[in-house]
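What follows is each chain in one-letter form.
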Amino acid sequence: MAGANPFAQFEKSFTQDGTVYKYFDLASIDRKYGQLPYSIRVLLESAVRNCDNFHVLEKDVQSILSWTPTLQQGTNDVEVSFKPARVILQDFTGVPAVVDFAAMRDAVLDLGGNPEKINPICPADLVIDHSVQVDFARSGDALAKNQNLEFERNKERFTFLKWGARAFNNMLIVPPGSGIVHQVNLEYLARVVFEVEAGTGAKILYPDSVVGTDSHTTMINGLGVLGWGVGGIEAEAVMLGQSISMLLPEVIGYKLVGKLGPLVTSTDLVLTITKHLRQLGVVGKFVEFYGPGVGELSIADRATISNMCPEYGATVGYFPIDLNTLNYMRQTNRSEKKIEIIQRYLEATQQLRNYSDEAQDPKFTQTITLDLSTVVTSVSGPKRPHDRVSVSNMLEDFKSCLTNPVGFKGFAIAPEALSASGEFQWDDGKTYKIQHGSVVIAAITSCTNTSNPSVMLGAGLLAKNAVEKGLSILPYIKTSLSPGSGVVTYYLKESGVIPYLEQLGFDIVGYGCMTCIGNSGPLDDNVVNTIEKNSLVCCGVLSGNRNFEGRIHPNTRANYLASPLLVIAYAIAGRVDIDFEKEPLGVDGQGNNVFLRDIWPTRTEIQEVENKHVIPAMFQEVYSKIELGSEDWQTLQVSDGKLYPWSAESTYIKRPPFFEGMTRDLPKLQSIQKARCLLFLGDSVTTDHISPAGSIARNSPAARFLSERNLTPRDFNSYGSRRGNDAIMARGTFANIRLVNKLVTKTGPRTLHIPSQEEMDIFDAAERYREEGTPLVLVVGKDYGSGSSRDWAAKGPFLLGIKAVIAESYERIHRSNLVGMGIIPLQFLPGQNAETLKLSGREVYNIAFPESGLKPGQRIQVEADGTVFETVLRFDTEVDITYYQNGGILNYMIRKMLA
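All values derive from a computational prediction rather than experimental measurement. (Residues numbered from 1 in each chain as written. Predicted model: local features only at pLDDT ≥ 70, side-chain atom pairs only at ≥ 80, totals over all residues. Heavy atoms only, no water.)

1. Re the overall build of the protein chain
For the protein chain, the count of helices and strands is 31 helices and 34 strands. Principal axes of the C-alpha set define a box for the protein chain whose edges measure 80 × 75 × 55 Å. Split into buried and exposed, the 899 residues of the protein chain put 63% on the buried side. A separation of at least 24 residues holds for 75% of the contacts in the protein chain among residues at least 6 apart in sequence. Accessible surface for the protein chain amounts to roughly 31900 Å². Of this, 46% is attributable to carbon and sulfur atoms. One finds the centroid of the 87 positive side-chain charges in the protein chain at a distance of 2 Å from the centroid of its 100 negative side-chain charges. (Helix = DSSP H or I, 4+ residues; strand = E, 2+ residues; numbered from the N terminus. Buried < 20%, exposed > 50% of the residue type's maximum accessible area, 1.4 Å probe, protein only. Contact = heavy atoms within 4.5 Å. Areas by Shrake-Rupley, 256 points an atom, 1.4 Å probe, with all protein chains shown as cover. Lys, Arg positive; Asp, Glu negative; His and termini not counted. Charge placed at Lys NZ, Arg CZ, Asp CG, Glu CD.)

See the structure below:
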C-alpha cells in the first residue's frame with residue numbers, strides 16, 4: 001500500500017500576496033540535477049512529488065536522477081513510472097473512453113462492487129473537434145450549414161458526452177464548434193504550472209504535463225508542457241489514477257542556430273526537421289531543442305515543430321520554458337498574477353531556460369545542429385509526411401512519382417498513360433480539363449498550422465495580393481478554411497484579409513480537424529467520375545500533418561502537406577507539376593505575367609500585421625464563453641443517472657463486449673495453437689489502414705450493417721463518429737481502400753479464407769474463422785501502427801479474434817495499445833522478416849509460451865508449417881505482462897477496483 005513520501009524533506013515554499021506556495025526543490029536532492037535535460041527534469045519532479053513506494057517507487061526517482069547520455073545510448077532498459085498532471089481527449093477518442101468508463105461501471109456492479117468507484121482521478125479535458133465535415137465549401141453560409149449537419153449527425157454522441165460530463169467527476173467537455181483540441185490546449189487549457197489547493201490554505205506548484213488520446217498532443221511541448229500521445233486505453237488508466245510505465249528515454253539535443261530567411265515559413269522548417277529526424281531515427285526518444293536559434297522562433301513556430309513530432313517519430317519534441325513562453329501566456333490572456341507565480345517557481349527549480357546561455361545547456365545522448373538560414377520553401381508527399389520536396393524541385397519530383405514503381409514515391413503510370421486527361425462540364429456552363437497533377441482539394445486546415453498567426457496571416461496577405469493582381473481559383477477545386485479556434489477568425493477579420501480569402505474560395509467551413517483527419521467531404525460527381533474514368537493521379541494540397549494514402553479523400557491519390565500560403569498558391573496554379581520560378585500563376589489586368597514571387601509576403605510584413613492584430617482581448621472574448629457552447633448544445637437534454645441507459649437500437653453508442661464473461665480471478669495463460677493469418681501485410685501499415693476514421697463505403701460490411709437498420713448512405717456518417725459502437729468498428733477494421741494484403745491480388749479491404757480458398761471481406765473472413773474456432777494472427781512489416789494514436793486500431797483487431805501480431809517493428813503508441821487489449825506483439829529478430837523466412841501467410845501458426853511464465857523482451861518460438869523461428873516478445877515492462885495476464889488494461893483496472 002501507499003506510504004509516506006520519502007522526499008518530503010525537500011519540500012520548500014515561498015509566500016506571494018499572502019498565499020504560501022509549496023514545491024519540491026529538485027536541485028537540492030542531487031547535484032546531478034543541473035545536467036539533466038529539461039524534459040527529464042519534468043519526469044523527475046513528477047516522480048519525486050508522487051513517490052509513495054506503491055504507484056511510484058523511490059528507485060524510479062533514483063533511476064531518473066541517474067540518467068546519463070552514455071548509459072542511455074542504445075542500451076536503455078531502465079523502467080520508470082510517470083504520473084502526468086492531466087489527460088486530454090478529442091471526441092473521436094473521447095466517446096470510446098466514456099463508453100468504456102460507463103461499461104466498466106456496469107461490470108463492477110455485475111461483479112458485486114461499487115460502480116461509482118469508476119471515476120476520473122486525474123483531470124480530463126475533452127474537446128469535441130473531430131465531427132465536423134466539409135460538406136459545403138466556397139459559399140458564405142458554408143460554416144452554418146456544416147455545423148448544422150454536424151449537430152444533426154452527431155446529436156446522439158454529443159448527448160452521450162454531455163451525460164458523461166455530469167456522471168463522472170473531474171471531466172471538462174469543450175463543446176463542438178470551439179476549435180481543434182491541440183490549439184484549444186495551447187491557447188486555453190494548458191496551465192504551464194499547476195496550482196492546486198493543499199488543504200491547509202497553502203497551494204502546491206508543479207509542472208503541467210499531459211498525455212492525450214491523439215498523437216499530436218505533442219504540440220503542447222512548444223509551450224514547455226511535456227506531453228505526448230498514448231493509446232485511449234492507456235489514457236483511461238491514467239484517468240483512473242494509474243501511473244504510466246515507460247522506459248527512460250534517450251534525449252536527442254537538436255540545436256538551432258541562425259535565422260529563417262525572409263520568405264520561409266515555420267511549415268517549411270517543420271517539414272525539414274521532420275525529414276531530418278525521421279532519417280536519423282528517433283522513435284521512442286525525446287527530442288529537446290536548444291541553441292540561440294530557438295529564441296528567434298515564436299511560441300506558435302515552436303508549437304508547429306512540436307506538433308509534427310509523431311511524423312518524425314519521437315515521443316516528444318520539447319522546448320523548455322523561457323521568457324517568450326511567459327509572454328505568450330500574456331498574449332493569450334492568462335492572468336498576470338499566475339504568470340508571476342509561474343516565473344518564480346520555474347526560477348526556483350531551475351526550469352526557466354535562457355537559450356542564449358550555453359552554460360544552461362544540459363547533457364544529451366546525441367546532438368544535431370540545424371542552421372535555420374538553410375531552410376527552403378518545401379512541401380511533403382505524395383504519401384508520407386516525412387518525404388520532403390523542395391518547391392523548386394516539385395515539378396521533376398512529381399513527374400518521377402508518376403512513373404516510379406508503386407510505393408511511397410511511385411504510382412507506376414504506364415508511359416502511354418502519362419498524357420491521360422478528362423473533361424467535364426461545370427455549373428457555370430464551361431468545360432474544364434483535368435489530368436495527372438491537377439489539384440482538386442486545397443485545404444487550410446489542421447492544428448499544425450492554424451494555430452500559427454504568422455502562416456495564417458501570411459496566407460491572408462498572399463490572398464489579398466493575388467486578388468489585387470486579378471488571380472482566381474478554378475471553380476471545381478474544393479477549397480476550404482477551417483481555423484483551429486475562434487481567435488483565428490477574430491484576427492483574420494480584424495486584419496482585413498477575410499474578404500480576399502473568401503474571394504478565392506477559402507470560406508470558413510468549420511472549427512475542427514476536418515480535411516486533415518479525412519473529413520474532406522464529397523467531391524463533385526463530375527470530378528470524381530472524370531478521375532476514375534481516366535485513372536488520374538489528382539492531388540490534394542493541405543496545411544496538415546498527415547497525408548497517408550487513402551486518408552484525405554479516396555480520389556486524391558497524391559496529397560501534399562504545405563504551408564497555408566502554398567495551399568493557396570497551388571490552388572491558384574490548379575496543379576502541382578509547376579515550376580513557380582519559371583511559370584506564372586496567371587496574368588494581371590494589364591496582361592503582365594504574375595509569378596508567385598510577386599504576391600508572396602515577407603516575414604517582416606507578416607509580423608507587422610501580427611503585432612497589430614493578435615492581442616489578448618481576442619483570447620478573452622473567445623475563451624470567456626467557450627464552455628457554454630452553442631444554443632443547440634445548451635438545449636441538449638441528458639439523463640442525471642450514474643449508470644448509462646444503453647439503447648439496443650442505437651447505432652452510435654453501444655455497450656462493448658470487452659468485459660463479457662469476466663471473473664474476479666485471473667484467466668489461465670494459454671499458448672496460441674493452430675492459428676491462421678488473417679492478413680499478410682508490408683511496411684508502414686498505419687492506423688488509418690487498420691481503423692479508418694473517414695467515410696463508410698457503401699459496399700462495406702459496416703454499410704450493410706447500417707442499411708439493415710434502415711439507415712441511408714446520407715446518414716452513415718464516418719467511422720470516427722461511430723467509435724462508440726463496437727459492431728460498426730469491428731466491421732470497419734482494415735476497411736481502408738488502399739490496404740495492400742498479399743493474400744489477395746487487388747488493393748482493398750479483402751482477404752483469403754485459407755481453408756476454403758474463398759476471397760471475401762476481412763470482417764466476413766474473421767467471422768468464419770470465429771465460427772470454426774480458429775485463432776488469428778497478423779504478419780506484417782516495419783513500422784506497424786504508425787500514424788494517429790487510435791485505440792480502435794487495437795480494439796478492432798481484438799474483436800476480429802486476432803491473438804498476436806508478428807511484425808518487423810512497431811510504432812510506440814500502437815504497441816502499447818495492442819498490449820492494452822491483450823494482443824501479443826511479437827517482433828522478428830534483426831535481419832529476419834516474412835520474406836527471409838519464406839513465409840507466405842498461408843501457414844498454420846503455433847506460438848508456444850514457456851511454462852516458467854512470460855518476461856519482458858524474452859524470445860518466443862513460433863512454428864509455421866514446419867518453419868520454426870524465434871521472435872522477441874514486445875512486452876517491454878513487467879506492467880505490460882500484468883495487463884496481458886488480466887486480458888487487458890481495463891480488465892486489470894476493474895479487478896483492482898474490486899480488490
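2. Section: the nonpolar core
The biggest cluster of nonpolar side chains holds 147 residues, and the ones touching the most others in it are Leu43, Trp228, Leu678, Phe734, Tyr784, Val805 and Tyr845. Among the elements that take part in this core, helix α4 (residues 91–110) stands out by supplying ten residues, more than any other. Here this core spans two domains, and each of domain 1 (86–374) and domain 3 (672–898) adds at least three residues to it. Non-local contacts of valine 805, meaning those with residues more than four positions away in its chain, are made with Leu778, Val780, Tyr784, Tyr810, Leu818, Ile823, Ile824, Pro825 and Leu826. In this structure, Tyr23, Leu402, Ala420 and Ile441 belong to the second largest nonpolar core, which totals 118 residues. (Core = buried A, V, L, I, M, F, W, Y, C linked by side-chain atoms within 4.5 Å. Domains from an automatic or database assignment.)

3. A closer look at the sheet that holds strand β1 (residues 11–16)
Spatially, β1-β2-β8-β7 is the arrangement adopted by the four strands of the open sheet, whose pairing is mixed. What marks the edges here is a single partner per strand, and that holds for β1 and β7 (193–197). Averaged over all pairs of adjacent strands, the angle between strand axes in this sheet comes to 30 degrees, irrespective of strand direction. Here β7 pairs with strand β8 (residues 203–207) via five bridges, running antiparallel. Within the sheet, the bridge partner assigned to phenylalanine 194 lies in β8 and is tyrosine 206. Relative to β8, helix α1 (residues 38–50) is tilted by about 145 degrees, and along the sheet it contacts β2 (19–24) and β8. Here helix α12 (residues 336–348) sits on the sheet in contact with β1, β2, β7 and β8, set at roughly 145 degrees to β1. (Pairing = 2+ DSSP bridges. Axes fitted to C-alpha atoms, helices over the stretch in contact; angles between N-to-C directions.)

4. Details of the layout of surface pockets
A volume near 1600 Å³ is recorded for the largest pocket. Listed by contribution, the elements that provide at least two residues to the lining of the largest pocket are α5 (142–167) and α18 (525–534). No other element matches the five residues that α18 contributes to the lining of the largest pocket. Its residues assigned to classes, the lining of the largest pocket comprises 20 nonpolar, 15 polar and 14 charged. (1 Å grid on protein atoms, 1.4 Å probe; cavity = no way out; pocket = protein on both sides within 12 Å on 5 of 7 lines; lining within 4 Å. Points joined across faces, edges and corners; volume = space filled by probe spheres on them. Nonpolar A, V, L, I, M, F, W, Y, C, P; charged D, E, K, R; others polar.)

5. Digging into helix α2 (residues 58–65)
Of the positions making up α2, those classed as buried are Asp60, Val61, Ile64 and Leu65. All buried residues of α2 project into a common sector of 135 degrees when viewed along the axis, lining one side. Summarising the contacts, the buried residues of α2 are in contact with α1 and β3 (79–82). (Arc of directions from axis to C-beta.)

6. Re helix α11 (residues 323–331)
Within α11, burial applies to Thr325, Leu326, Tyr328 and Met329. With its buried residues spanning 155 degrees around the axis, α11 presents them on a single face. Of the surrounding secondary structure, the elements contacted by the buried residues of α11 are α6 (181–189), α9 (299–307) and α12. A distance of 3.2 Å separates the backbone nitrogen of asparagine 324 from a side-chain oxygen at the start of α11, and that oxygen is part of aspartate 322. Asparagine 333 sits one or two residues past α11 and shows a positive phi near 70 degrees. (Polar contact = N/O pair within 3.5 Å; in protein donor to acceptor, adjacent residues only side chain to side chain.)

7. Some words on unusual backbone geometry
Cis rather than trans, the peptide bond between glycine 381 and proline 382 has omega equal to 15 degrees. Looking at where proline 382 falls in the secondary structure, it is placed in the loop between β16 (378–380) and β17 (388–390). Positive phi values are uncommon outside glycine, yet serine 684 reaches one of about 55 degrees. Tracing the chain through its elements places serine 684 in the loop between β26 (672–680) and α24 (687–690).

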